[in-house]
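# Descriptive analysis of the structure
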Amino acid sequence: MNLATVTQLQQSHHVIKEFKYALQPVVHGYANRTLHIQLDTNNMTIKPVDQKMKDTFTGGKGFCLWLLWNAISKDVKWNDNQNELVIAGGPIGGITAYPGSGKCTVVTLSPLTKSIIDSNGGGYFGPLLKFSGFDALEIQGKAKEDVVILIDGDTGTVKIEAAPLDEVNTHLLSKQLTDLYGGDTDKGRRAISVLSAGQAAEHIPMCGLNISYWDPRRQEIRIKQAARGGVGTVLRDKHIKAIVVKYSEAGGDSNGVANMDLIRAAGKRINKEIADFDASQNDMRHYGTPYLIEIMNRFNILPVQNFRFGSDPEASKINGEVWKSMFDFRGPDGCWYGCSLQCAHGVPHYHLQSGPYKGEAVFVDGPEYESLGALGSNLGIFDPPAMLELCFYCDTYGIDTISVGNSIAFAFECYEKGILDKQKTGGLELTWGNAPVAFELLHQMARGEGFGVTVGQGVRAMKALFIEKYGADPQMLQDMGMEIKGLEISEYISRESLAQQGGYSMATKGPQHDEAWLIFMDMVHKQLPTFEAKAEALHYFPIWRTWFSLHGLCKLIWNDIIPVSNKTAKEPAKIPEHVENYCWLFEGLTGKKTSPEDLMWQSEKVYNFQRLFSARMGYGTRQHDYPPYRLIGPATVEEYENLTERYDTQLREVIGINPEGKSIQEKIFLTRQYREAQYEKLMDAVYLRRGWNKDGVPTQETLKRLGIDMPEALAVSAAHGG
Amino acid sequence: MVQVEAHLFATFKAIAGKNKIILEVLPGQTIEDACFALLTSLPMLRSHWLDMNGQLQQYVHVYLNQSDSATLPNGMLTELQDGDILDFIPPVAGG
């Protein structure tokens, strides 16, 4: 393959606009300004961050939401000039004394859900952006030609450069730009982080962003993803090939903290815990998240064949130990300096079987549990090389593995049910386990042709199309289409956990596990026996989990290692010792005494603001909080028959109906009536606990209590009966 | 004797080098007794499962016939029956 050389790139990159800014240090975790780029006019502006903005929105996702709220009107669509891509790290992000501190969050109007989406990823971009001088980056408008944006924190320069010869697919583009701006030394390359999408982002709405960092031990570009909701599609819609940030002097004291000793104390405590117990607990340092496959399979929670079933005897073929034997352990696997959990594994020297890079040996980042669930068990594919092929191409083309996995699974089931046939799919046989067909669908998405482009529109769009074009049964497609709000559901079957059904369905952005993962607490540990307990959990945990993306932190450090003190903790699910660590971090950063309640307070404001923002855009209300029935109960005869004993017992003992003599269809109907009523009750209980009205909108009282009672916010609430 | 099948998952399986073992316990013996019987058969797990006082670490989750032992009326002191299945699973938190 002939790629443009660094010299050719240098010659072809002409500067469209250059902007100089004064360098200044980060103070107490904040750069105290944000950067706005108006791409259609190439205008660049620096905005100050005042104390009120910090007190109200904290940083990270909070800043992104506030900037976007001020930038767009309620009628804006995702591909309008006015829509913004907003990216931020967070005040704690970038410290090196505590693991998992390199995340950034991206917020925009989603091409998939049409509403506000936030998606977060690791890599170096968030910290380097802040150290370069900006707490957040807003990009509005569309460039007239393909560009690369360079933010150079070493010289205080922002450049918009025409980029005609640069590749689009991430594995090539990230390498080109790392070499172009970082040179040929490890030090130079480590100063670079490239944020890019891929070819498919030009054709389908489910593309995410790849965030790069240089791995000197392996001499490889590594990537993490902010994958969800189409943030990469927005990048390409703006004709941006990549955003590059460069900062060479990142170090342990780059955050200008108030009390480094307190931060070091938190870091020392967690690092010792990881050193002492990770190998005995989840061994993230050798398995990463794929260890979950066999456990989810055991508890009937692993999505199999479009979430119809929860386990498969073949799941052992994609278990954690399979990946451990393939991972490259030549160096540490943290995606930011100082991460001792080191779960960002990868497989070297994989030889591609298909597509434009067929025959090439590549490094494949991951795979993660979610990708294995979406592209493996959910498609009936249990072949590790096929998993690597799918993961690699999803990454380099910019495709979200969860959305595309669920979308292909939906198409497979439609094919099985006769809604689709070979004539409609362009000759592709969409059968369970057919890996070559899954490869081809991805390549079609990247080329922008064939049935792959239809699948790439996502489950919600396919439902509408198949109903309109092929006369498919709307109820059946609604029941089996695994999306809520237009976002495909992440990879856990929640039929036996009402709290998890709520966690998925009432998540403002859509059904993503990072906001509420209550399935084990509820279904397995039975810690949430009442509606009140479930509602309390659905108040606390989504708000708490939101806190991490305000600060540029990784959640895995909070709950994928368990301290000894949890044995005597009053509320072990909250992991109080780790919450105390986070209090120390914020206090060490700012010098302000900080309690667990203070952290929740930061988060509750932003959580409610996002809900209100969604309502302002025409979403974020009760009607958008309903899941497909398959998430709640058995939607088809085969699903019921797969677990007849369980469902019959529930009919008898929980619902109070004798199943004897009843047909499966009758039993499905009775079960459905009961479970859907339970879900309605849960919604009422959760809305009440969150301070929302019956329509799921924060009330005026809630907005005032939280100090997010700006006139327009109050007006949105009032318009929805708040 | 009461025969119980013990399944080991994820990290525990890797440390033990096997995913399944048949345990024989006396009638009337409990889940807790089975845990220590298992540690006798698979001593490589001892340093990972036991704290300084010789007690099971709280992160060793034990399930009896897929029910979390902590949710059973008698917890780890639940008596075992012939044919019971015990699952040993490390802590699961979800991303």
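Residues numbered from 1 in each chain as written. Chains lettered and ligands numbered in written order. Predicted model: local features only at pLDDT ≥ 70, side-chain atom pairs only at ≥ 80, totals over all residues. Heavy atoms only, no water.

Geometrically, a pair of aromatic rings is defined through the distance of the ring centres and the angle of the planes. Residue and element names in this part refer to chain A. Here the structure, examined in full by the defined rule, presents 43 aromatic pairs over all chains. Taken together, a centroid distance of 5.3 Å and an interplanar angle of 75° make the contact between Trp-69 and Phe-613 edge-to-face. Of the two residues, Trp-69 is situated in helix H3 (residues 61-71) and Phe-613 in helix H24 (residues 596-616); the sequence distance between them amounts to 544 residues. With relative accessibility at 0%, the residue Phe-613 sits in the buried group. (Phe/Tyr/Trp six-rings, centres within 6.5 Å; stacked < 30°, edge-to-face > 60°. Helix = DSSP H or I, 4+ residues; strand = E, 2+ residues; numbered from the N terminus. Buried < 20%, exposed > 50% of the residue type's maximum accessible area, 1.4 Å probe, protein only.)

All names here are of chain A. When the domains of chain A are assigned, the result is domain 1 (6-246), domain 2 (278-474) and domain 3 (494-561 + 595-722). Summarising the inter-unit geometry, the C-alpha centres of domain 1 and domain 2 are found 26 Å apart. Residue-level contacts link 44 residues of domain 1 with 40 residues of domain 2. When domain 1 packs against domain 2, the two sides together hide about 3300 Å² of surface, and 53% of this comes from carbon and sulfur. Counting across the domain 1 and domain 2 interface gives six salt bridges. A salt bridge links Asp-365 to Arg-222; the shortest N-O distance between them is 2.8 Å. (Domains from an automatic or database assignment. Contact = heavy atoms within 4.5 Å. Buried area = accessible area lost by both parts, 1.4 Å probe. Salt bridge = Lys/Arg side-chain N within 4 Å of Asp/Glu carboxyl O.)

Below, the discussion takes up the sheet that holds strand E5 (residues 85-89) of chain B. Residue and element names in this part refer to chain B. Sheet architecture is open: five strands sit in the order E2-E1-E5-E3-E4, paired in mixed fashion. The sheet is open, and its two edges are formed by strand E2 (20-25) and strand E4 (67-68), each paired on a single side. Strand direction decides the pairing type here: strand E1 (residues 2-8) and E5, joined by four bridges, are parallel. For Leu-8, the partnering residue across the bridge sits in E5 and is Phe-88. Those strands touched by helix H2 (residues 31-41) are E1, E2, strand E3 (61-64) and E5, and its axis lies near 120° from that of E2. (Pairing = 2+ DSSP bridges. Axes fitted to C-alpha atoms, helices over the stretch in contact; angles between N-to-C directions.)

Moving on to the environment of Ala-615 of chain A. All names here are of chain A. Within the fold, Ala-615 resides in helix H24. On the basis of relative accessibility, which here comes to 3%, the residue Ala-615 falls in the buried class. With 98 residues separating them along the chain, Ala-615 and Ala-713 place their C-alpha atoms 9.9 Å apart. Setting aside residues no more than four positions away along its own chain, Ala-615 makes contact with Gly-620, Val-697, Val-716 and His-720.

Moving on: the nonpolar core. Grouped together as the largest cluster of nonpolar side chains are 251 residues, with contacts concentrated most on Ile-151, Ile-243, Met-296, Ile-399, Phe-520 and Tyr-582 of chain A together with Phe-88 of chain B. Here the element with the most residues in this core is helix H21 (residues 531-551) of chain A; it accounts for 10 residues. Counting 13 residues, the second-largest nonpolar core is a separate cluster that includes Ala-163, Leu-177, Ala-242 and Val-244 of chain A. (Core = buried A, V, L, I, M, F, W, Y, C linked by side-chain atoms within 4.5 Å.)

All right, on to the packing of helix H19 (residues 498-505) of chain A against H21 of chain A then. Residue and element names in this part refer to chain A. Here H19 crosses H21 at 35°, and the two axes come no closer than 10 Å. Crossing angle aside, the handedness with which H19 passes H21 is right-handed. For the pair H19 and H21, contact is made by Leu-498, Ala-499, Gly-502 and Gly-503 and by Phe-531, Lys-534 and Leu-538, respectively. In terms of residue class, the contact of H19 with H21 is made up of four nonpolar, two polar and one charged. (Left-handed = near helix turned anticlockwise from the far one by under 90°. Nonpolar A, V, L, I, M, F, W, Y, C, P; charged D, E, K, R; others polar.)

Time to look at the pairing of E5 of chain B. Residues and elements named next belong to chain B. Burial runs high along E5: four of the five residues are buried. Across four bridges, the pairing between E3 and E5 is antiparallel. Within E5, the position partnered with Leu-64 by the bridge is Leu-86.

What follows covers the interface of chain A and chain B. Residue-level contacts link 34 residues of chain A with 29 residues of chain B. Carbon and sulfur atoms make up 56% of the area that chain A and chain B hide from each other, which totals about 2600 Å². The three residues of chain A that bury the most area against chain B are Ser-280, Arg-298 and Lys-567 of chain A, which together make up 25% of that side's buried surface. Across the chain A-chain B interface, the total number found is four salt bridges. One salt bridge in this structure joins Lys-13 of chain B and Glu-321 of chain A, with 2.9 Å as the shortest N-O distance. Run the count over chain A and chain B and you get 11 residue pairs in polar contact (both at pLDDT 80 or more). (Polar contact = N/O pair within 3.5 Å; in protein donor to acceptor, adjacent residues only side chain to side chain.)

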